[in-house]
Amino acid sequence: MRKIKGFDKVLLKAGREADVMETFANKVFIVYVGDSLQDWETISVIIDDIEKNRCKRIIGFDECFFY
């Protein structure tokens, strides 16, 4: 799996999408999950909880493009 950075969007193996807020050695992450302000949660996950990174970075751009 490629390196996950802060503010990337990832798909968790549990089926939820999460926004990465902090990364620790690309092994532990603080993420936001939820569909609206009413059900947002801040949780920690490990690299094994992540199915894939939905962020595609293009060389020369620091922005994240989702697919």
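Residues numbered from 1 in each chain as written. Predicted model: local features only at pLDDT ≥ 70, side-chain atom pairs only at ≥ 80, totals over all residues. Heavy atoms only, no water.

### Observations regarding the sheet that holds strand β5 (residues 50-53)
Next, step 1: Across the sheet, which stays open at both edges, the five strands sit in the order β4-β3-β2-β1-β5 with antiparallel pairing between neighbours. Of all strands in the sheet, those bounded by a partner on one side alone are β4 (41-46) and β5. Put simply, the sheet's adjacent strands are angled 40° from each other on average, direction ignored. (Pairing = 2+ DSSP bridges. Helix = DSSP H or I, 4+ residues; strand = E, 2+ residues; numbered from the N terminus. Axes fitted to C-alpha atoms, helices over the stretch in contact; angles between N-to-C directions.)

### A few points about a nonpolar patch on the surface
Next, step 1: A grouping of F24, V28 and I46 is seen on the molecular surface, where their side chains present a nonpolar patch of about 230 Å² in accessible area.
Next, step 2: A relative accessible area of 40% places I46 in the partly exposed class. (Patch = residues over 30% accessible without salt bridge, like charges linked within 9 Å, V, L, I, M, F, W, Y side chains within 5 Å. Areas by Shrake-Rupley, 256 points an atom, 1.4 Å probe, with all protein chains shown as cover. Salt bridge = Lys/Arg side-chain N within 4 Å of Asp/Glu carboxyl O. Buried < 20%, exposed > 50% of the residue type's maximum accessible area, 1.4 Å probe, protein only.)

### A word on the pattern of salt bridges
Next, step 1: Evaluation of the coordinates by the stated rule reveals three salt bridges.
Next, step 2: With a shortest N-O distance of 3.0 Å, D19 and K9 are connected by a salt bridge. Residue D19 is located in strand β2 (residues 17-24), and its partner K9 is located in strand β1 (residues 9-12); the two are separated by ten residues in the primary sequence.
Next, step 3: Taking the relative accessible area as the measure of exposure, D19 reaches 28% and is therefore partly exposed.

### With respect to the pairing of β2
Put simply, side chains in a regular strand alternate between the two faces of the sheet.
Next, step 1: Here β1 pairs with β2 via three bridges, running antiparallel. Paired with K9 across the strands is D19, a residue of β2.
Next, step 2: The loop that links β1 with its antiparallel partner β2 comprises four residues; one of these, G15, has a positive phi angle of about 95°.
Next, step 3: Where β2 and strand β3 (residues 28-33) come together, six bridges link them in antiparallel fashion. Note that in β3 the partner of A18 across the bridge is V33.
Next, step 4: Here β2 folds back onto β3 in antiparallel fashion, the turn holding three residues, of which A25 has a positive phi close to 60°.

### Side note on the pairing of β1
Next, step 1: The sheet contact formed by β1 and β5 spans three bridges and is antiparallel. Across the sheet, L12 pairs through a bridge with I50, a residue of β5.

### Let's talk about the confidence of the model for the protein
Next, step 1: With 81% of its residues at a pLDDT of 70 or more, the protein shows a mean pLDDT of 85.
Next, step 2: Taking the mean pLDDT of every element in the protein, the minimum, 59, falls on strand β7 (residues 64-66) and the maximum, 97, on β4. (pLDDT = per-residue confidence, 0-100.)

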